[in-house]
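# Residue-level structure breakdown
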Amino acid sequence: AKPKVVVIGGGAGGATAARYLARDGAGALDVTLVEANPVYTTCFFSNLYIGGFRDFESLQHGYDKVTAGGVTVITDTATAVDPAARTVTLAGGQVLDYDRLILSPGIDFREGSVPGWSLADAEVMPHAWKAGPQTRLLKSMVEAMPEGGTFAMVAPPNPYRCPPGPYERISMVAHLLKQTNPTAKILILDPKDKYSKQALFEEGWGKHYDGMIDWIGPEFGGGAVEVRPDTMEVVIEGEAQKVDCCNVIPGQMAGQIAAIAGVTDETGWAPVDPGSMKAKLDENIFVLGDSSAQGDMPKSAFSANSQAKVAAMAIRGELTGSKVFPAKYSNTCWSLIAPEDGVKVGASYEPTAEKIASVASFISDTGEDAALRKATYEESLGWYSGITADIFG
Ligand code: FAD
């Protein structure tokens, strides 16, 4: 029988790995992808949906082409992994054997990381940090804000999915409010004293949304915020303030199935070998994307997609004896600040003995002209089309 690879999670990391294994394995491997949802909604560009630059359907991708590429796709949730027997059990009762298992389950939230908030409150104070109904809910809440009302974001502590994402979201909420509710205010309550692309965001907010956005860092109580979903209040240094829309982005950890499989450590993330993405705690399991603790790469779709190709090559090498080349990784994170005002940060990476290390990086400059910012935005549109085709076919 053919060696079996099971992949849990059909997002940026998992679907890429499944497709590459089926394609490059030329039928030598039996590849099964287990994904909880029949349709994947990208977090990437979901902020642009909130800003009114994309429609919701443009974020959605099915698995027909993944299936056509030779992958068996099962729509179900993996609930257990037995590393000794090398089996995965699904909620529907099915048990799958594997020779190698890939986990790319994204993130889950740390209960209790924002006092007063739990996942059960996400209908009132949405996270919208897993895309889908939450994204739509957040946008509708911004649109329903009273004239001159307040939008608050509780920003997450490091490490988290998409470092510039909260600040791109603020830009997009500001853009939306500028059209429909220009006297509204935006509060960012942040446990970090600095954040990704900060100088670029601050410059852009001053230019496009002057006076609208207030960033409250840990020095002024932004790191010890309590929320009260019942009364729509945020409490900063003991002082309660009423808000009209509250986006709580909690602390994060590896998707739960990684802990169930026994590959996470006390940090809540899964340490991996930097040259192959193989879990340090289990030689038959590989962990990709947000769930992995690998070193310098940010938790992004670009990173997950890049890591997936390295892992697919390593697994093919182990199971079929095909040649394995040295790992190379890359990432770019684009952010839209206002119409045609795009910025980016990125790097290329190589494995060292300890971690995946950044070897060359770049970032947009403050003060760039409009033509360059427009070109950067257009580059991001090309990236979205390209990467979704690479992930989903
Ligand atoms: P995911 O893509 O989240 O895939 C995980 C999948 O696993 C999900 O489909 C889930 O349903 C499934 N799953 C989980 N557990 C199970 C289980 N037990 N059984 C079955 N299925 C399971 N990245 C970029 O590169 N560029 C951007 O511009 C960008 N913008 C972003 C904006 C926002 C607002 C956010 C929140 C994120 C953004 N990201 C961006 C980050 C990007 O979305 C993630 O880093 C990326 O999706 C991670 O890929 P992954 O494979 O680790 O997880």
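Look a little higher up for the structure.
Now for a quick tour of the structure. Nothing here was measured: the structure is a model prediction, and the numbers come from that model. (Residues numbered from 1 in each chain as written. Predicted model: local features only at pLDDT ≥ 70, side-chain atom pairs only at ≥ 80, totals over all residues. Heavy atoms only, no water.)

## Quick look at the nonpolar core
A general trend in soluble globular proteins is that nonpolar side chains are found buried together. The line we're drawing: The nonpolar core is taken to be a set of buried Ala, Val, Leu, Ile, Met, Phe, Trp, Tyr and Cys residues, with the residues joined through side-chain atoms within 4.5 Å. Throughout this description, buried means an accessible area under 20% of the type-specific maximum (1.4 Å probe, protein chains only), exposed means over 50%, and partly exposed covers the range between. The secondary structure listing takes helices from DSSP runs of H or I that are at least 4 residues long and strands from runs of E that are at least 2 residues long, numbered from the N terminus. The contact criterion used throughout is that any non-hydrogen atoms of two residues lie within 4.5 Å.
In this structure, Val 88, Leu 103, Phe 151 and Trp 205 are the most contacted members of the largest nonpolar core, which totals 107 residues. Residue contributions to this core peak at 10 residues, all from helix H8 (residues 301-320). In this view, Trp 205 contacts Tyr 167, Ile 170, Ser 171, Ile 188, Tyr 195, Asp 210, Ile 213 and Ile 337; residues no more than four positions away in its chain are not counted.

## Some points on the pattern of salt bridges
Keep this limit in mind: Basic side-chain nitrogens of Lys or Arg form a salt bridge, by our definition, when they fall within 4 Å of a carboxyl oxygen of Asp or Glu.
As enumerated under the stated definition, the model contains 19 salt bridges in all. Two residues, Arg 23 and Asp 24, come together in a salt bridge whose shortest N-O distance is 2.8 Å. For Asp 24, a relative accessible area of 31% puts it in the partly exposed group. Between Lys 328 and Glu 350 there is a salt bridge, and its shortest N-O distance comes to 3.5 Å. Taken together, the positions of Lys 328 in the loop between H8 and strand S22 (329-338) and Glu 350 in strand S23 (residues 341-351) put the pair 22 residues apart, joining distant regions of the chain. Here the salt bridges share partners, and the residues they tie into one network are Glu 203, Asp 341, Glu 368 and Arg 373.

## Description of the site of the ligand
Here is the rule we go by: Working definition: residue near molecule or strand if any one of its non-hydrogen atoms lies within 4 Å of it. Polar contacts, as counted here, are pairs of nitrogen or oxygen atoms within 3.5 Å of one another; within protein the pair requires one atom able to donate a hydrogen and one able to accept it, and residues that are adjacent in sequence qualify only if both atoms are side-chain atoms. Per-residue and other accessible areas were derived by the Shrake-Rupley procedure at a 1.4 Å probe size, with only the shown protein chains allowed to occlude residues.
Of all residues adjacent to the ligand, which total 34 residues, the nearest are Glu 35, Tyr 40, Ser 104, Arg 161 and Asp 290. Taking Ala 12, its main chain carries an N or O atom lying 3.2 Å from an oxygen atom of the ligand. Between the ligand and Ser 104, the relevant distance is 2.8 Å, taken from an oxygen atom to a side-chain nitrogen or oxygen of the residue. Relative to its unbound accessible area of 990 Å², the ligand is 93% covered by the protein chains.

## Here we look at empty space enclosed by the protein
The condition that has to hold: Cavities and pockets were defined on a 1 Å grid built over protein atoms only: a cavity is a set of grid points that admits a 1.4 Å probe from which the probe cannot escape, a pocket is an open set flanked by protein on both sides within 12 Å along at least five of seven lines, and lining residues are those with an atom within 4 Å of any such point. Grid points are joined across faces, edges and corners, and a volume is the space filled by probe spheres set on the points. Side-chain classes are defined by residue name, with Ala, Val, Leu, Ile, Met, Phe, Trp, Tyr, Cys and Pro counting as nonpolar, Asp, Glu, Lys and Arg as charged, and the others, Gly among them, as polar.
Evaluated as defined, the whole model comprises 1 cavity of 30 Å³ or more. Size it by volume and the largest cavity reaches roughly 50 Å³. Residue lining of the largest cavity: Phe 45, Leu 48, Glu 168, Trp 334, Ser 335, Leu 336, Gly 342, Val 343, Thr 376, Tyr 377 and Ser 380, and that is the complete set. Among the residues forming the lining of the largest cavity, the class breakdown is 6 nonpolar, 4 polar and 1 charged.

## Regarding the side chain of Gln 134
Tracing the chain through its elements places Gln 134 in helix H4 (residues 133-143). In contact with Gln 134, not counting residues within four places along its chain, are Ala 122, Glu 123, Pro 126, His 127 and Ala 128.

## Observations regarding the packing of helix H1 (residues 12-24) against helix H9 (residues 370-392)
We count it as follows: The axes used here are C-alpha line fits, helices contributing only the stretch in contact, and every angle between their N-to-C directions lies in the interval 0 to 180 degrees. Any angle that is under 35 degrees is reported as roughly parallel, and any over 145 degrees as roughly antiparallel; angles of 65 to 115 degrees are reported as roughly perpendicular and all others as oblique.
Between H1 and H9, whose axes approach to 7 Å, the crossing angle comes to 60°. Comparing the axis directions of H1 and H9 gives the class oblique. For the pair formed by H1 and H9, the contact residues are Ala 12, Ala 15, Thr 16, Arg 19 and Tyr 20 on the first element and Ala 389, Asp 390, Ile 391 and Phe 392 on the second. The residue makeup of the contact of H1 with H9, split by class, is 6 nonpolar, 1 polar and 2 charged.

## Thoughts on the sheet that holds S23
Strands pair in a sheet through their backbones, by hydrogen bonds, and they do so in one of two ways: parallel or antiparallel. Applied cut-off: We call two strands paired when DSSP finds no fewer than two bridges between them.
A sheet is described by the order of its strands in space; here 3 strands give the open sequence S22-S23-S24, paired in antiparallel fashion. In this open sheet, the two edge strands, each paired with only one partner strand, are S22 and strand S24 (356-363). Direction aside, the axes of adjacent strands within the sheet are offset by 20° on average. Alignment of S22 against S23, held across 9 bridges, turns out to be antiparallel. Paired with Cys 333 across the strands is Val 345, a residue of S23. Helix-sheet contacts for helix H6 (residues 198-208) involve S22, S23 and S24, and the interaxial angle to S22 is about 20°.

## Description of H8
Cut-off, in case you're wondering: For a helix, the expected span equals 1.5 Å multiplied by the number of residues minus one.
Here H8 contains 20 residues, and its C-alpha end-to-end distance of 28 Å stays within 8% of the 28 Å for a straight helix at 1.5 Å per residue. Here H8 lies mainly inside the structure; 17 of its 20 residues are buried. Two or three places before Phe 302, at the start of H8, stands the capping residue Ser 300, its side-chain oxygen 3.4 Å from that residue's backbone nitrogen. A positive backbone phi angle near 80° is found at Gly 321, which sits one or two residues after H8.

## Some words on the packing of H4 against helix H5 (residues 165-180)
Stated formally: A crossing counts as left-handed when the near helix is turned anticlockwise from the far one by less than a right angle, and as right-handed when that turn is clockwise.
At a minimum axis distance of 10 Å, the contact between H4 and H5 shows a crossing angle of 40°. Considered as vectors, H4 and H5 are oriented oblique to each other. Note that H4 runs across H5; the crossing there is right-handed. When H4 is examined against H5, the residues Leu 138, Lys 139, Val 142 and Glu 143 are found in contact with a partner set consisting of Arg 169, Val 173, Leu 176 and Leu 177. Looking at side-chain class alone, the contact of H4 with H5 contains 5 nonpolar, no polar and 3 charged residues.

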